[in-house]
Amino acid sequence: MQRPLAASALTVALLAVAACSGGPEKDTHAPGAPTGVTASAGSAGTVHVMWSASADDRAVTGYEVYQQGRKVKDLPATTVMTDIVNLTPSTPYTFTVRARDAAGNRSPHSAAVPATTLAATAQDRAAPSTPRALRATPDGSHAATLTWIPARDDTEVTAYDVYQADARIHTVPGTATTTRLTGLRPGTVYSFTVRARDAAENSSPDSAPADLTTAAAPGAAPNTAPTDLTAKAAKGEITLTWTPPRTGAPVTEHQLYLNEAFATTIIWGTDPPPADATYTFTVPTTRGTRYSVKLRARLPDGTWGDFSAQRTVVVP
């Protein structure tokens, strides 16, 4: 009768030891509050909120956006801007942002930022003109400055939206003609476009693209992306021209990516072009369909090089 009692006592002792013997340490450290928060009205019913990424001792996993102290958005850690919609025209609002980690710790609220929605206007169907003369200048390894000539509108340009690889990454007020982008990667090719927007949310066509390559990290190999890529759409086809990278040997193959997915390998049947290359491929003919394209070259060591800047075309 004593053995079960002894075994039971031993089990309790072992469980007590296991409970005290170092499982993962609980995370009680909250992320830092987001900084650089801005809020700008884009229309009578929307406000665009942006912020700089927060730091955490482990990792930030998400952000929460608050309007008048009430949470209105729950976003992943990769997102540092959002549009707050369905607001009342000509109304002042305040916004704050909090960071969250995997353990559920939340940062303090950011500084509150105000924004007043625009006045409601009569129905407006006319889009602004296209911003012109976009220029992109690298600012070290992680930043760039964009400048452009402003667009025109029959009412008023209320915002400019900056796009990279056909995805909006930044928004500035309609009075701005320059902006600084941060968080870029060293030694990387980027292609930016800008669209103008009015109070009725009509957007202009894309500006002409502006490419740049950020400075390489110390000791990094030079960038190997194809350059000067252009894309022109005609009914049923897209024609690309570009300059292959200088690799010390002829570049005989390129990979073509269409809408971020691998599409085909371009292999020259004869000697590769000594300078600019041209390639035409077919696409469905649905008018208004958007396609994004980019290339990379096979290097002499058999690996694939860096991607070119991305281009977006619309089927006419």
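Residues numbered from 1 in each chain as written. Predicted model: local features only at pLDDT ≥ 70, side-chain atom pairs only at ≥ 80, totals over all residues. Heavy atoms only, no water.

Some remarks on the layout of surface pockets
Thought 1: One number sums up the size of the largest pocket: a volume of about 1,000 Å³.
Thought 2: Lining the largest pocket we find 39 residues, and of these Ile-169, Leu-181, Thr-182, Gly-183 and Leu-184 sit closest to its centre.
Thought 3: Taken together, the elements giving at least two residues each to the lining of the largest pocket come down to β1 (35–41), β2 (47–52), β11 (167–173), β12 (178–182) and β13 (189–198).
Thought 4: Classifying every residue of the lining of the largest pocket by side-chain character gives 16 nonpolar, 17 polar and six charged.
Thought 5: Volume-wise, the second largest pocket comes out at about 200 Å³.
Thought 6: Contributing elements (two or more residues each) for the lining of the second largest pocket: β13, β15 (227–234) and β21 (311–314).
Thought 7: Looking at the lining of the second largest pocket residue by residue, the classes come out as six nonpolar, six polar and three charged. (1 Å grid on protein atoms, 1.4 Å probe; cavity = no way out; pocket = protein on both sides within 12 Å on 5 of 7 lines; lining within 4 Å. Points joined across faces, edges and corners; volume = space filled by probe spheres on them. Helix = DSSP H or I, 4+ residues; strand = E, 2+ residues; numbered from the N terminus. Nonpolar A, V, L, I, M, F, W, Y, C, P; charged D, E, K, R; others polar.)

Overview of unusual backbone geometry
Thought 1: A positive phi angle, close to 60 degrees, is found at Asn-86, a residue other than glycine.
Thought 2: Its place among the elements puts Asn-86 in the loop between β5 (81–84) and β6 (92–101).
Thought 3: You will see that Ala-133, though not glycine, has its phi angle at about 55 degrees, which is positive.
Thought 4: Structurally, the position occupied by Ala-133 is in strand β8 (residues 132–138).

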